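So you can see what is in the structure, the chains are spelled out below.
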Amino acid sequence: MTDLQEWLFAHQDLKYRDFNAALIPNIEKDTVIGVRTPELKAFAKELMKEKRAEELTAALPHQYFEENQLHAFILNEYKDFETLMPELERFLPMIDNWATCDQLRPKLFKKHTDELLPYAKSWLARSEEPYVVRYGIGVFLSYYLDDAFDAQYLQQIAGIRSEEYYVNIMIAWYLATALAKQYEAAIAVLESRKPAPWVQNKTIQKAIESRRIPDETKAYLRTLKERTR
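Residues numbered from 1 in each chain as written. Predicted model: local features only at pLDDT ≥ 70, side-chain atom pairs only at ≥ 80, totals over all residues. Heavy atoms only, no water.

A separate point is helix α2 (residues 14-23). Because each turn of an α-helix spans 3.6 residues, side chains separated by three or four positions in sequence point in the same direction. The complete set of buried residues in α2 reads Tyr16, Asn20 and Ala21. Each buried residue of α2 lies within a common arc of 130° when the element is viewed along its axis, so the set occupies one face. Opposite the packed face of α2, turned more than 90 degrees from it, sit the exposed residues Lys15, Phe19 and Ala22. Where the residues of α2 are buried, they touch α3 (37-49) and α5 (65-76). (Buried < 20%, exposed > 50% of the residue type's maximum accessible area, 1.4 Å probe, protein only. Helix = DSSP H or I, 4+ residues; strand = E, 2+ residues; numbered from the N terminus. Arc of directions from axis to C-beta. Contact = heavy atoms within 4.5 Å.)

Written out as structure tokens, the structure is:
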């Protein structure tokens with residue numbers, strides 16, 4: 001066992017492990033140690049400060065969920081875009097769960113949306129790697145639904161077809177958020193029935209549950225539901 005793994009097991013909470021493992025059913029329970037997120041984030045910063053982060057990031061693939069989490073939190077702390085991106089590209093194919101995928105949001109992305117865009121587009125096209133696709137959709141949700149929005153991004157994401165639940169649910173989340181932020185473009189996509197039927201209905205469900213969508217819009221959205229068997 002490595003020193004980093006020893007630290008993780010020293011901070012194990014078995015009740016939290018059971019709770020967390022239930023939220024990530026697609027990975028084996030024995031790969032979840034049970035370390036709380038605030039402790040992992042603090043440890044990631046400590047490793048960066050002590051110049052020990054490479055001990056973890058160089059050792060791919062990881063054995064434990066928490067090692068993947070630590071890796072993500074370390075990348076979140078990078079200060080240089082050009083240094084980050086090769087490391088991010090090396091790590092993305094190793095992600096095997098929604099939690100690590102969604103918590104990998106480097107702080108510097110906000111200041112580099114122009115440079116990030118070609119990467120984000122390429123991630124959407126990697127259909128054989130569902131968590132890379134999910135990651136790309138999440139990046140568009142986080143950084144390209146406000147001032148950097150372009151309706152072409154919405155069309156591309158609505159047109160994605162996947163058999164993977166964790167991809168489809170992220171498309172629905174993106175589209176529902178787009179309804180709140182870019183209504184005219186988003187409603188046109190739903191009216192055209194461009195998303196897959198399950199995604200269309202899940203988008204509408206999420207929008208109806210949202211406090212950001214007016215009641216009259218929710219009533220109209222209900223008329224756009226697809227009939228599925």
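Read on for the rest.
In terms of nonpolar packing, the biggest core is built from 71 residues, with Leu88, Phe109, Trp123, Ile137 and Tyr174 touching the most fellow members. Leave out the neighbours within four places in its chain, and Trp123 touches Met85, Leu88, Glu89, Leu92, Leu116, Val132, Val133, Tyr135, Gly136 and Val139. Counting residues in each nonpolar core, the second largest holds 6 residues, with Ile24, Ile27, Val32 and Ala99 among its members. (Core = buried A, V, L, I, M, F, W, Y, C linked by side-chain atoms within 4.5 Å.)

Attention shifts here to helix α13 (residues 197-209). Given a rise of 1.5 Å per residue, 13 residues ought to cover 18 Å, and the 19 Å separating the end C-alpha atoms of α13 matches this to within 8%. For α13, the set of buried residues is Val199, Gln200, Asn201, Lys202, Thr203, Ile204, Lys206, Ala207 and Ile208. Check the buried side of α13 and you find it contacts α11 (165-181), α12 (183-191) and α14 (215-222). (Expected span 1.5 Å × (residues − 1).)

Once that is clear, we can look at the pattern of salt bridges. Scanning the model with the defined rule gives 12 salt bridges in all. Linking Glu89 and Arg126 is a salt bridge whose minimum nitrogen-to-oxygen distance equals 3.2 Å. One end of the pair, Glu89, is in helix α6 (residues 81-91); the other, Arg126, is in the loop between α8 (113-124) and α9 (130-143), with 37 residues separating them in the sequence. On the accessibility criterion, Glu89 (25% relative accessible area) is partly exposed. (Salt bridge = Lys/Arg side-chain N within 4 Å of Asp/Glu carboxyl O.)

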